[in-house]
Amino acid sequence: MKNKIRIIPLGGLGEVGKNMTVVEYNDQMFIIDAGIIFPDEDMYGVDVITPDFEYVRQNKHKIKALFVTHGHEDHIGALPYFMKEFPKVPIYATKLTAGMITNKLKYHKVDRSVIRIIKSVNEVFTYNKVKVSFFGTIHSIPDSVGIVIETPIGNIVHTGDFKIDYHPVDKKFIDFQRLGEIGKQGVKVLLSDSTNAEKEGVSVPESIVAANLEKEVFQATGRTVVATFASSLHRVRSIIEISEKLGKKVVVVGKSMEKNIKLAIQLGHIVAKEETIIAQKEANDYPREQLLILATGAQGEVMAAVSRLSQDENKFFKLEKDDTVIFSSGVIPGNEKSVGSLINNLLKKQVKVVQKKEIHTSGHGYQEEQKLLLSILRPEYFIPCHGEYRMLVKHKELATQVGIKEENIFVFENGDVLEITSDGAAVGESVQAGPVLVDNSGLGDVNINIMRDRRRMAEQGLVVVFAKVYTKEKTVSVRFELKGIAARLDKPQLNKELAEAVESRLSSEKKEGTLRRALIDDFVDVVYKHIKRRPLIVPYIEFIRD
Ligand SMILES: [Zn+2]
Ligand SMILES: [Zn+2]
């Protein structure tokens, strides 16, 4: 058999979220990342969405290892689910990433013994004719890496999430020489971050944002709340540094923020004097001007710290007139409404709100940064990843601008397969890669039918119909219960019509199974006539034979 590489994105294409990529060399499988995406608002009761592991499941004898690029939810969030199902697969991650995975696994009560630390970006892991190595990248979180999978046919490079930043706040500069070496060695296939492919120019460096933030914190009155993502650890680092410079004490509010800061301090990614960070309950011991509250929930998430502060739900302190809330975060598309109502609430309390684009930047490179990376690595084949479809298409366009052949660029969807042999590249037969909806109550995956029922209940209400069929007397008695339906209705009439529906079906359908299904449709029609809605119908049909 001819040697073959297969590259299969199982998640992260056509979406920003749930990244997961399979790279196979003959009968060895390597997996990169296993992330989640959060459900839309109308996906009732769904906690998270993971990639579909079906392909991995069917080929689990091939799995050698899973490598993680960095500690963001869209790259590590599905690991607890993955590791429950594939408990023996070693998971490789840099220290900070491994720490974040560990915190997650503790929460999910999953065995952590398979986690292996990538001690430095110079480490190389060797398999049968395959080597896996790394390169440091700059992103909104430290310890991010890109991955190189070397095979006899050629090298596969996955950038992970990246931006090009010449002034990183942690002074961990980009190793262009290493990138150049990887490029010079030859890149058969590149998978690269497309998030900001639609944004022209270059992204603002994190250090500029830090300088702008310092001005805002300096000018702020009262208690200063800075809201940002718990996962933007470079930003968090800057905010703590600014606080020390301006003589403020930092109060951390939000579980994820607390955990991440603790871990980042342990690993030296955040340097803070011991007395800088104080407990929430000590906040009232200091003058208001001396406090900086570092909080999660900049997207207006109902249960998160800023939102709770805006509702006076923090038990240790309350925001007052002339306190300042600084949003050091962009608004993720779809969250405009919740952020808007959060700001309304803050303004009602006469709290000052600062929301400017100068105090946030993306962790993902813009067009010029993407082109720079493509130009250094010069891949033979290119799969844009980590982006909605239009971003992938744009990234393709950028790649052609820097000389990558158009026919060598594959704008894929999840589950599509690229096969590489010594003869070149070909698109293989796609594999199953739909979203898996997870309900953390742990009673199983939420399938399409459950989702449809939940949506129908939420939008149309619920009707339970109890029908007793006396087979000997050939009579029917019906009762019903409505839930979530506001219609004023003629109950006796509805009752009568439901009973008639049962009677007329009884004369034609003899089998109980088909009778049940037919009755659901009949009930929907009858109910629709009365309330002009099609609620979820739950029929209870009891046959009384004596
Ligand atoms: Zn990321
Ligand atoms: Zn990401």
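The shown structure was predicted, so the numbers you read here are calculated from the model rather than taken from an experiment.

**Description of the pattern of salt bridges**
Applying the stated criterion across every chain yields a total of 29 salt bridges. Note that K188 and E380 form a salt bridge whose closest N and O atoms lie 3.1 Å from each other. You can see K188 sitting in the loop between α5 (176-185) and β12 (189-193) and its partner E380 sitting in the loop between α11 (367-377) and β19 (381-385), a full 192 residues away along the chain. Among the residues examined, E380 registers a relative accessible area of 36% and is labelled partly exposed. Through salt bridges with shared partners, a single network forms among K4, R6, E24, K62 and E419.

**Some remarks on the coordination of the zinc ion (ligand 2)**
At the metal site, the zinc ion (ligand 2) is ligated by D74 (OD), H75 (NE2), D161 (OD) and H386 (NE2), and these contacts range over 2.1 to 2.2 Å. What the four donor atoms of the zinc ion (ligand 2) show is an angle range of 91 to 165° at the metal, which sorts the shape as irregular. Mapping the donors of the zinc ion (ligand 2) onto the primary sequence gives the spacing D-H-x85-D-x224-H. Metal-to-metal, the separation of the zinc ion (ligand 2) and the zinc ion (ligand 1) is 3.4 Å; D161 coordinates the two. Taken together, the residues D74 in helix α2 (residues 73-76) and H386 in the loop between β19 and α12 (389-401) connect sequence positions 312 residues apart. A relative accessible area of 3% means that H386 is categorised as buried.

**A look at the coordination of the zinc ion (ligand 1)**
Protein coordination of the zinc ion (ligand 1) is provided by H70 (NE2), H72 (ND1), H139 (NE2) and D161 (OD), with donor distances spanning 2.1 to 2.3 Å. Around the zinc ion (ligand 1) sit four donor atoms; with metal-centred angles ranging over 88 to 168°, the donor geometry is irregular. On the primary sequence, the residues serving as donors to the zinc ion (ligand 1) are separated as H-x1-H-x66-H-x21-D.

**Quick word on the sheet that holds strand β20 (residues 417-421)**
By way of backbone hydrogen bonds, the strands of a sheet pair with one another, either parallel or antiparallel. Judged by pairing direction, the sheet is mixed, and its eight strands sit side by side in the order β7-β6-β5-β3-β2-β1-β20-β21 without closing on themselves. Across the chains shown, the open sheet's two edge strands, defined by having one partner strand only, are β7 (115-118) and β21 (424-428). Averaged over all neighbouring strand pairs, the angle between strand axes comes to 25°, with direction disregarded. Note that strand β6 (residues 91-94) and β7 share four bridges and pair parallel.

**Structural notes on the side chain of T69**
Mapped onto the secondary structure, T69 falls in the loop between β5 (63-67) and α2. For T69, a relative accessible area of 0% puts it in the buried group. If near-sequence neighbours (up to four positions away) are discounted, T69 is found in contact with I32, D33, H75, D143, S144, V145, I147 and G160.

Cut-offs and rules
- Residues numbered from 1 in each chain as written.
- Chains lettered and ligands numbered in written order.
- Predicted model: local features only at pLDDT ≥ 70, side-chain atom pairs only at ≥ 80, totals over all residues.
- Heavy atoms only, no water.
- Salt bridge = Lys/Arg side-chain N within 4 Å of Asp/Glu carboxyl O.
- Helix = DSSP H or I, 4+ residues; strand = E, 2+ residues; numbered from the N terminus.
- Buried < 20%, exposed > 50% of the residue type's maximum accessible area, 1.4 Å probe, protein only.
- Donors = N, O, S within 2.8 Å, 3.2 Å for Na, K, Ca; no water.
- Tetrahedral: all angles 85-135°; square planar, octahedral: opposite > 155°, others 65-115°.
- Pairing = 2+ DSSP bridges.
- Axes fitted to C-alpha atoms, helices over the stretch in contact; angles between N-to-C directions.
- Contact = heavy atoms within 4.5 Å.

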